[in-house]
Amino acid sequence: MQHLSSFLVLFLISGVGGFDLVIDDIPDEVENLIDLEIDGFPSSSKTRNGRYQRSTSDWGYVGDLVEDDDKIGLYSYKVQSTITSRLANTMIQAKMVNNARRPQPIMFDVQVPKGAFIDNFTMDINGITFTSHIREKSEARKMYAQAKARGKAAGIVRSNALDMENFQTEVNVPPGMRIQFQLHYHEMIRRKLSSYEHVISVKPGRLAKHLEVDVRIIEPQGLRYVHVPNSLGDHFNGITTISKGEKKAHVSFKPTMAQQRKCPKCSSTAVDGNFVVQYDVNRETTGGELEIFNGYFIHFFAPENLDPLPKNILFVIDVSGSMWGLKMKQTIEAMKAILSELRAADQFSLIDFNHNVRCWRDNLVSATPSQVEDAKKYIQTIHPNGGTNINEALLRATFILNEAKSLGMLDPNSVSMIVLVSDGDPTVGELKLTTIQKNVKQSIKDEFSLFCLGIGFDVDYDFLQRIATDNRGMAQRIFGNQETSLQMKNFYNQVSTPLLKKIQFNYPQESVSDVTQSSFHNYFGGSEIVVAGKVDTENLQHLESVVTATAANAELVMETLRDVEELDGFMKKDKYADPEFTRKLWAYLTVNQMMAERNAAPTAALKRNITKSILQMSLDHHIVTPFTAMLIENAEKDEIMLADQPKDPRKGCCPGTLGLTPNAPNNNKGIPAWANVTAVPVSFMPEQRSPPVSSLSINRVDNDPHFIIHLPKSQQNICFNINSEPGKILNLVSDPGTGVVVNGQLVGAKKAENKKLNTYFGKIGFYFKKKGLKVEITTETITLKDGSYAITLTWADTGHIIRKQLLISVKKESNVTITVGEEMSFMVLLHRVWKKHPVNVDFLGIYIPPENQFSPAAHGLIGQFASEPEVSIHHQTPGQAPEKPQAIMEVKGNKFTVTRGVQKDYRTDRVQGTDVLCWFVHNSGKGFIDGHYRDYLVPHLYSFMKKP
């Protein structure tokens, strides 16, 4: 049997994360069947006889598939999810076919909810099945090494950890072949704001002949309501059906192919987003609900109708320079709304910090209307600047709370908390994160809770999670966009209503074992506490629980009694209910609890012991954790791929994902040679000699803006300037043949000099129409857009983005390189100026090699020279300055005077630049470029231009 090799990327993270891929020793028989894609770029290969076999899989009739230009058809895209007592088991399956006459990559790319456990993945390719197994990491790597030693296919994938989890595979598929992907994961659905919310990412990427999302809910407590918000858009109004019984519900979303279309004649799908199901359950007892089945118990605790406890809350707000702009505006808006929601019994204060720490009040004050209004006014006056001193800010907050407690200012029944809002790592004061964590832990002394809001992706979110968990709180990432304010308010609402404190769950010790966390600092309204354990059902008829807690007006003792066989009949009657739900929920809670304990372990020995326990749990319950790896192999076990999760949360990335590598050394892998040239000194030379250029000559636009066009055949550099107005957009490349557009938007200097306002490129846009990709580069951010999908890096990052074989590489505060296969590449250079400079502004330069494979139809200020015109320069005469001789240039039927001069190439020296000799064309390039420069103005950043 012929072998198949696949490129697998397993994305197991808490955010938009990424991977490093290493492929070793791909055997001939694998290479001979299909192309192997490495780092997002395919190598070419064929079968031994130069042909590809067509699939023999029987899916039934597969006609009437709608295909994009790539001739890939999506036969079916199916999501099945069953929720049994908050445990959601989800299966995502895609069946695809390559109807092209050439092999090409087919991708299976799905998003998995943060915290979900992936437990199975299979691929079926032309009857060859690849299945997955969970192994201890060192054992899996040993198997990988053995496969490598035998010369078999083997790959290592290392994953990252941010906020959204992706599972991604990509297989280069021969023509006519069919492939099926199937992924299984499970998660516990947490209750927030009085609702359970099950979120399923549904992004098939193309029209599917059969598309279905099927969700079944089985809740023995009984269902209060089931709601499906219109999260996919108005396009799908009325398509979702909901049938609800007393304890069960069925939700179905099954749009036809016509309903999937963005418009009646469109070939693209409108299904691109999250399918959301919201529900809540009935609660009859204050002591919670005990569910016992198959030797495990789950205790759900969510009391209602209790008076809120008074709270003592300190808001600690980062006002460093990185918070400038939208982040600060949204934070102020959110804080004003949050302050308005404080209750009369609450006490509060505000701390804002950059490199210094300021207190609105040095002590807690009551939330009276006048104090709240005064705090709002204070917030409104904040102007971000400076560095970030997180350590001192948090210690100041804990000092205020500790002092208030020692002075008897806190209600004994109140709840004290600190809410930290920050968008970056510490840059001032104590910088070592472990030391900050230790300092805060010692200062809080388990007396208060710390909640952390991390805005954007510059902040070390793992650190915020550790320090919050370590101090009885939680962390949440807030995405820095127009919805920042809403996200902050929603987070605050989760912790704004403490109903109980000092909650303790008690069970008969002789009957239960391996109980998860049973002591909790606080319970907030709208949430739920879940405790699980093993129970001896063979020798027990009833299980009793006793919960003690402090409420606003009393100490509570709440008892619950349940028959250990009460659920048996119900579970056996329902064919959709998961009979393993209690075991899976217990394992889910236990592993997550042990991970938190490991992070807080004070000694290396304790950490090692916890690690061993996590490993054993992972193997016993077949789940991927940072200490296990998933092996994907065929039935013969001679083709092995290995997916694992490293300890370093900021490894590189893979196709379609984002990876950050702060302070990484310069890595030229994937960067074209012209972007790393070595400068050659310039000296003036006789007319008959070619002017000296860099080791790779290039077309460039830099400074205000100066164009340098390199003509390889005549070995000449021709220069011209364009003098336009701020806000205008100039077309640089417009190639309908390849579908590539490059445009630059001008930004003006702060003021005119010598009655002239200089302009520079402040924004550059790239549009790759055939890939459906747009890249926007400003002096602040680099953003890749693919429909509604977007990834953003800042100039403070070193990292890369790969999507659809387009590579974007960012070098911190230096340059961005865009590479499209082997066909073309571009470099954008960042120029920073002193922020307080009276005239100059930050700007961009762009460098485009003449070797780019544009089509004959290419045009634009640079693109028109992809087809080099014949140029004659003659009759050189002395100029007014000896170093600036003049000559006659003849090109495109035009004859005019040009002047010898020097322009700058800033690739190797961004301050002084490297001199480049060129012939300067006056009057904005008139005579050298087609038409007038105004012909190259376009209305939008991604517009094609019309030829002048």
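Fair warning: this is a prediction, and the values are worked out from it, not measured in the lab. (Residues numbered from 1 in each chain as written. Predicted model: local features only at pLDDT ≥ 70, side-chain atom pairs only at ≥ 80, totals over all residues. Heavy atoms only, no water.)

### Some thoughts on the overall build of the protein chain
What counts is decided by this rule: Only DSSP runs of H or I covering at least 4 residues are called helices, and only runs of E covering at least 2 are called strands; the numbering of each starts at the N terminus. Here, residues are in contact when the closest pair of their heavy atoms is within 4.5 Å. Every accessible area reported is derived by Shrake-Rupley at a probe size of 1.4 Å, with residue values counting cover from the shown protein chains alone.
For the protein chain, the helix and strand inventory stands at 13 helices and 55 strands. In the protein chain, of all internal contacts separated by at least 6 residues, the share reaching a separation of at least 24 is 68%. Within the structure as shown, the protein chain displays about 39600 Å² of accessible surface, and the carbon and sulfur contribution to it stands at 48%.

### Let's talk about the sheet that holds strand β33 (residues 542–550)
Put simply, the rule is: Here the rule is simple: two strands pair whenever DSSP picks up at least two bridges between them. To define axes, lines are fitted to C-alpha atoms, for helices over the stretch in contact only, and angles between the resulting N-to-C directions are given on a 0 to 180 degree scale.
A sheet is described by the order of its strands in space; here four strands give the open sequence β31-β29-β33-β34, paired in antiparallel fashion. Of all strands in the sheet, those with a lone pairing partner are β31 (519–524) and β34 (555–563), marking the two edges. Adjacent strand axes in the sheet meet at a mean angle of 30°, parallel and antiparallel pairs treated alike. Across nine bridges, the pairing between β33 and β34 is antiparallel. Paired with Ser545 across the strands is Thr560, a residue of β34.

### Let's talk about the packing of helix α7 (residues 433–444) against helix α8 (residues 461–469)
We count it as follows: By definition in this entry, angles of less than 35 degrees are roughly parallel, angles greater than 145 are roughly antiparallel, angles of 65 to 115 are roughly perpendicular, and the rest are oblique. Helix crossings get a hand from a simple test, with the near helix turned counterclockwise from the far one by less than a right angle marking a left-handed crossing and a clockwise turn marking a right-handed one. Gly counts as polar in this scheme, as do all residues outside two lists: the nonpolar Ala, Val, Leu, Ile, Met, Phe, Trp, Tyr, Cys and Pro, and the charged Asp, Glu, Lys and Arg.
Two numbers describe how α7 lies on α8: the axes approach to 10 Å, and their chain directions differ by 20°. Put simply, α7 runs roughly parallel to α8. Our pair here, α7 against α8, has a crossing hand that is right-handed. Taking contact as the criterion, the partners of Leu433, Ile436, Gln437 and Val440 in α7 are, on α8, Phe463, Arg466 and Ile467. Grouping the constituent residues of the contact of α7 with α8 by class yields five nonpolar, one polar and one charged.

### Here's the deal with the sheet that holds strand β21 (residues 296–301)
One open sheet accounts for four strands, arranged β20-β21-β32-β30; its pairing is antiparallel. The strands lining the two open edges of the sheet, one partner per strand, are β20 (289–293) and β30 (512–513). Bridge analysis of β30 against strand β32 (residues 529–535) gives two bridges, and the strand direction is antiparallel. For Val512, the partnering residue across the bridge sits in β32 and is Val535. Relative to the sheet, helix α11 (residues 581–600) contacts β20, β21 and β32, its axis offset from that of β21 by approximately 70°.

### Comments concerning helix α12 (residues 604–620)
Operational definition: One fewer than the residue count of a helix, multiplied by 1.5 Å, yields its expected span. Relative accessibility decides the category of a residue: with a 1.4 Å probe and only protein chains considered, values under 20% of the type maximum give buried, values over 50% give exposed, and everything between is partly exposed. Working definition: the arc comes from the directions between the helix axis and the C-beta atoms, pointing outward to the latter.
Compared with an ideal rise of 1.5 Å per residue, which puts 17 residues at 24 Å, α12 spans 24 Å between its outermost C-alpha atoms and is within 8% of the ideal. Buried within α12 we find Ile610, Thr611, Ile614, Leu615, Met617 and Ser618. For α12, the arc enclosing every buried residue in end-on projection is 165°, short of the 170-degree limit, so these residues lie on one face. Of the residues in α12, the exposed ones pointing more than 90 degrees away from the buried face are Arg608, Lys612 and Asp620. Where α12 is buried, its residues meet β9 (128–136), α11 and β35 (628–634). One or two residues past the end of α12 sits His622, with phi positive at roughly 55°.

### Re the pattern of salt bridges
The following threshold applies: For this document, the term salt bridge refers to a Lys or Arg side-chain nitrogen within 4 Å of an Asp or Glu carboxyl oxygen.
Scanning the entire structure with this criterion turns up 31 salt bridges. For Asp574, the salt bridge identified is with Lys248, shortest N-O distance 2.7 Å. Here Lys248 lies in strand β18 (residues 248–253) and Asp574 lies in the loop between α10 (568–573) and α11, a separation of 326 residues in the sequence. Bridged by salt links that share partners, the residues Arg86, Arg191, Glu219, Arg224, Asp280, Arg283, Glu304 and Glu528 form one connected network.

### Examining the state of the cysteines
Linking two cysteines covalently through their sulfur atoms gives a disulfide. The test is simple: Any cysteine sulfur atom paired with another within 2.5 Å is treated as part of a disulfide.
Per the stated rule, a full pass over the model turns up two disulfides. What pairs with Cys719 in a disulfide is Cys918, and their sulfur atoms sit 1.8 Å apart. The disulfide joining Cys719 to Cys918 has a torsion of about -130° about its S-S bond and is therefore left-handed. Residue Cys719 is located in strand β40 (residues 716–721), and its partner Cys918 is located in strand β55 (residues 914–921); the two are separated by 199 residues in the primary sequence. Under the relative-accessibility criterion, Cys719 is labelled buried at 0%. Exposure remark for Cys918: the relative accessible area of 1% places this residue in the buried category.

### Regarding the side chain of His710
To keep it simple, the criterion reads: Contacts described as polar in this section are N or O atom pairs within 3.5 Å, which, within protein, must combine one atom able to donate a hydrogen with one able to accept it, while residues neighboring in sequence count only if both atoms come from side chains.
Here His710 is to be found in strand β39 (residues 706–711). Classification of His710 by relative accessible area gives buried; the value is 5%. Among the polar contacts made by the side chain of His710, one reaches the side chain of Asn717 at a distance of 2.9 Å.

### Let's talk about the packing of helix α6 (residues 390–406) against α7
Close contact between α6 and α7 brings their axes to 9 Å; oriented N to C, the two are set at 5°. For the element pair α6 / α7, the angle class is roughly parallel. Taking contact as the criterion, the partners of Asn391, Leu394, Leu395, Thr398 and Asn402 in α6 are, on α7, Ile436, Asn439, Val440, Ser443 and Ile444. When the residues that make up the contact of α6 with α7 are grouped by side-chain class, the tally is five nonpolar, five polar and no charged.

### What about the confidence of the model for the protein chain?
Do not read the predicted coordinates in detail wherever pLDDT is low. Quick note on the threshold: Scored from 0 to 100, pLDDT records how confident the predictor is in each individual residue.
Put simply, the protein chain has an average pLDDT of 82, and 83% of its residues get 70 or more. Taken together, the stretch residues 149–163 has pLDDT below 50 and engages in 84 contacts with residues farther than four places along the chain or on a different chain. Note that pLDDT drops below 50 for residues 645–696; the model gives that stretch 154 contacts with residues more than four away or on any other chain.

### Topic: the packing of aromatic side chains
Two measures describe an aromatic ring pair: the distance that separates the ring centres and the angle between the ring planes. Going by this rule: Any pair of Phe, Tyr and Trp rings, taking the six-membered ring for Trp, is counted once the centres come within 6.5 Å. Such a pair is stacked with planes under 30 degrees apart, edge-to-face with planes over 60 apart, and tilted for the rest.
Tallied over the entire structure, the rule returns 25 aromatic pairs. Ring centres 6.4 Å apart and planes at 5° place the aromatic pair Phe766 and Phe768 in the stacked group. The exposure class of Phe766 is buried, given its relative accessible area of 0%. Each residue in the set Phe301, Phe505, Phe520 and Tyr523 is aromatic and connected to the rest through ring pairs, giving one cluster.

### Topic: the environment of Leu339
The topology assignment puts Leu339 in helix α4 (residues 326–340). With 32 residues separating them in the primary sequence, Leu339 and Gln371 have C-alpha atoms 9.7 Å apart.

### Looking at α8
Among the residues of α8, those classed as buried are Tyr461, Phe463, Leu464, Ile467 and Ala468. Along the long axis of α8, the arc covered by the buried residues comes to 155°, so they all point the same way. On its buried side, α8 packs onto α6, β26 (415–422), α7, β27 (449–455) and β28 (475–478). Near the N-terminus of α8, the side chain that reaches the backbone nitrogen of Asp462, with its oxygen 3.3 Å away, is that of Asp460.

### Topic: the environment of Gln541
Mapped onto the elements, Gln541 comes out in the loop between β32 and β33. Between the C-alpha atom of Gln541 and that of Asp563, which follows or precedes it by 22 residues, the distance is 5.9 Å.

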